[in-house]
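# Close look at the chain arrangement
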Amino acid sequence: MPSVVVVGTQWGDEGKGKLVDYLTAHAEYVARFQGGNNAGHTLVVGGLRTSLSLVPSGILHPQTRCVLGAGVVINPDVLISEIENLQKLGIDVNPKRLTVDREAHLILPYHIYIDQAREDQKGPDRIGTTGRGIGPVYEDRAARYGVKIGEITDLESLRKKLERYVDLKNKYLTRVLDAPKGVSFEEVWDVILRARGRLLPYLGNVSIILDKACRRGNRVVFEGAQGTLLDATFGTVPYVTSSNTIAGAVMPGCGLGVRAVDYVLGIAKAYLTRVGEGPFPTELKDELGVKLREIGGEYGTVTRRPRRCGWFDAVAMRRAIRLNGVDSLAVTKLDILSGIEKVKICVKYEMDGKEIDEFPAIPGELERITPQFVEFSGWTEDLTGVRSWYDLPVNARLYLDAISEIVGCPISIVSIGPERMQTLFFSGAKFLKNFIAEEG
Ligand code: IMP
């Protein structure tokens, strides 16, 4: 079974969507395994734009079946509106092409209110969440207060349970978080009724579907959301999301065994960005940071917030490569660095007067480090028309070689623009070349 997991190796927004699209054009299945509608990408279909945050963009390829594993958290209204918008664009979305695991947890209105009230209460210490209820829903799952989407088949039992939960959540919202008001039961129940009215045919068992697909030898793309440095365990806690974002999350997120993944493709932007609060050692707080943001279009797809920009951090990348077991890297947005006189890579940190080459991830530690950089001459050529490695300017090649050498991982793909043809495959990309060449 050729299966590949595409994971972000930084703080998200590495350009995973483009590579996932590239690979799913040749795959029979694409699966989300964690996160929810905190992720997102924009699609242009026949000149019309639509935003997707739950339905994988693989839905555009008629032979690809899209599945959302039990590890994904589902806001039913968002899913319904994505399905409807795609259908309005003439895309065939039906239960044969889209399946949501019955065991996935539901994001309900109180999760969103709690997320927002908590951020308000934290004030300057806020996380900078997307405000979509992601933290509270994963908390409920762990605390055994969650609601699985499959529960909408038994409204009587669900109603009793939700009456209790709404009461509890309202006490928490108004007494602990000082929210001006709680949530009404009707608001929550309306969401359930809409979900039942529209989503029942889409529910299924993703674990069984993917297990069969793997046994048949179908090609499967596992699509990660967010990035390694946002991982709930190994990221820059507490400034992280609330799911495990690393490649290993495929197994509990889809209900598969540990051998389900053949190849781990790590996506890394040629520089670094972060949206939301939290430490960012290589952040550029000067004009260059602003320039990268503008040229790179670095604004959040979900919240439109400006992204903070900085230099490539090889110390953090080495950790990401280890945590994910990355087989090769795809470096994206190299074209954005054209015209910068000197480009830098952070190769080491200094902490408390000592040099360290391991990424410190205990809260407070990262704020105490000073990054140590190696500087390279930049290049002025526009890269967007380059179609092979050999046509890249020498300095751009040296920059990529240095990254690969310093982080100890081959680079298989370089992306130099949003179009499919602006994707360069290197010799190390044998697995990926076969993946997109083989007939399923
Ligand atoms: P949450 O996932 O909404 O709880 O947000 C927690 C942190 O993760 C915040 O810093 C968000 O900005 C960040 N985050 C969540 N999803 C994404 C994403 O898809 N790209 C980049 N950052 C994200």
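Everything discussed here concerns the structure shown above.
Keep in mind the model is a prediction, meaning the values are calculated, not measured.

A tally of regular secondary structure across the chain gives twelve helices and 20 strands. By the compact-globule yardstick of 22 Å for 440 residues, the chain fits well, its C-alpha radius of gyration being 22 Å. Along the first, second and third principal axes, the C-alpha set of the chain runs to 65 × 55 × 40 Å. Across the 440 residues in the chain, those meeting the buried criterion constitute 57%. Sequence-distant contacts, at least 24 apart, represent 76% of the contacts inside the chain between residues at least 6 apart. Accessible surface computed for the chain: about 18200 Å², of which carbon and sulfur atoms make up 51%. The centroid of the 55 positive side-chain charges in the chain is displaced by 4 Å from the centroid of its 55 negative side-chain charges.

Ranked by internal contacts, the top residues of the largest apolar core, which has 61 residues, are Leu210, Phe222, Leu334 and Tyr399. Of the residues forming this core, the biggest block, six residues, is contributed by helix α11 (residues 394-407). With near-sequence residues (within four places) excluded, Leu210 lies in contact with Tyr29, Ala31, Val67, Val220, Phe222, Cys254 and Leu256. Counting residues in each nonpolar core, the second largest holds 57 residues, with Cys66, Leu108, Phe185 and Ala429 among its members.

Neighbouring residues of the ligand: 15 residues in total, closest Asn38, Thr130, Thr241, Val275 and Arg305. A distance of 2.9 Å is found between an oxygen atom of the ligand and a side-chain nitrogen or oxygen belonging to Asn38. Starting from 470 Å² of accessible surface for the ligand in isolation, the protein chains cover 95%. When its residues are assigned to classes, the shell around the ligand shows six nonpolar, seven polar and two charged.

Once that is clear, we can look at the side chain of Thr332. Mapped onto the secondary structure, Thr332 falls in strand β15 (residues 328-332). A relative accessible area of 3% places Thr332 in the buried class. Setting aside chain neighbours within four positions, we find Thr332 in contact with Glu14, Gly15, Leu19, Ile267, Ala268, Lys269, Ala270 and Ser415.

Let's shift gears to the environment of Leu383. Here Leu383 shows up in the loop between β18 (369-377) and α11. Sequence separation between Leu383 and Ala396 is 13 residues; the distance between their C-alpha atoms is 9.3 Å.

Right, let's talk about the side chain of Thr273 for a bit. Note on placement: Thr273 falls in strand β12 (residues 272-274). In this structure the side chain of Thr273 is engaged in a polar contact, spanning 2.9 Å, whose partner is the side chain of Lys269. Not counting residues up to four positions away in its chain, the partners in contact with Thr273 are Trp11, Gly12, Asp13, Phe280, Glu298, Arg307, Arg308 and Cys309.

This part is about the pattern of salt bridges. Here the structure, examined in full by the defined rule, presents 19 salt bridges. Across the pair Arg198 and Glu84 runs a salt bridge whose closest N-O atoms are separated by 2.5 Å. Of this pair, Arg198 sits in helix α6 (residues 185-199) while Glu84 sits in helix α2 (residues 76-88), and the two are 114 residues apart along the sequence. Residues participating in the shared-partner salt-bridge network are Asp13, Lys269, Glu298, Arg307 and Lys333.

Right, let's get into the pairing of strand β1 (residues 3-8). The buried count for β1 comes to six of six residues, which makes it a mostly enclosed element. Neither face of β1 is exposed, since Ser3, Val5 and Val7 on one face and Val4, Val6 and Gly8 on the opposite face are all buried.

So, how was this worked out
- Residues numbered from 1 in each chain as written.
- Predicted model: local features only at pLDDT ≥ 70, side-chain atom pairs only at ≥ 80, totals over all residues.
- Heavy atoms only, no water.
- Helix = DSSP H or I, 4+ residues; strand = E, 2+ residues; numbered from the N terminus.
- Rg over C-alpha atoms; globule rule 2.2 N^0.38 Å.
- Buried < 20%, exposed > 50% of the residue type's maximum accessible area, 1.4 Å probe, protein only.
- Contact = heavy atoms within 4.5 Å.
- Areas by Shrake-Rupley, 256 points an atom, 1.4 Å probe, with all protein chains shown as cover.
- Lys, Arg positive; Asp, Glu negative; His and termini not counted.
- Charge placed at Lys NZ, Arg CZ, Asp CG, Glu CD.
- Core = buried A, V, L, I, M, F, W, Y, C linked by side-chain atoms within 4.5 Å.
- Near = heavy atom within 4 Å.
- Polar contact = N/O pair within 3.5 Å; in protein donor to acceptor, adjacent residues only side chain to side chain.
- Nonpolar A, V, L, I, M, F, W, Y, C, P; charged D, E, K, R; others polar.
- Salt bridge = Lys/Arg side-chain N within 4 Å of Asp/Glu carboxyl O.

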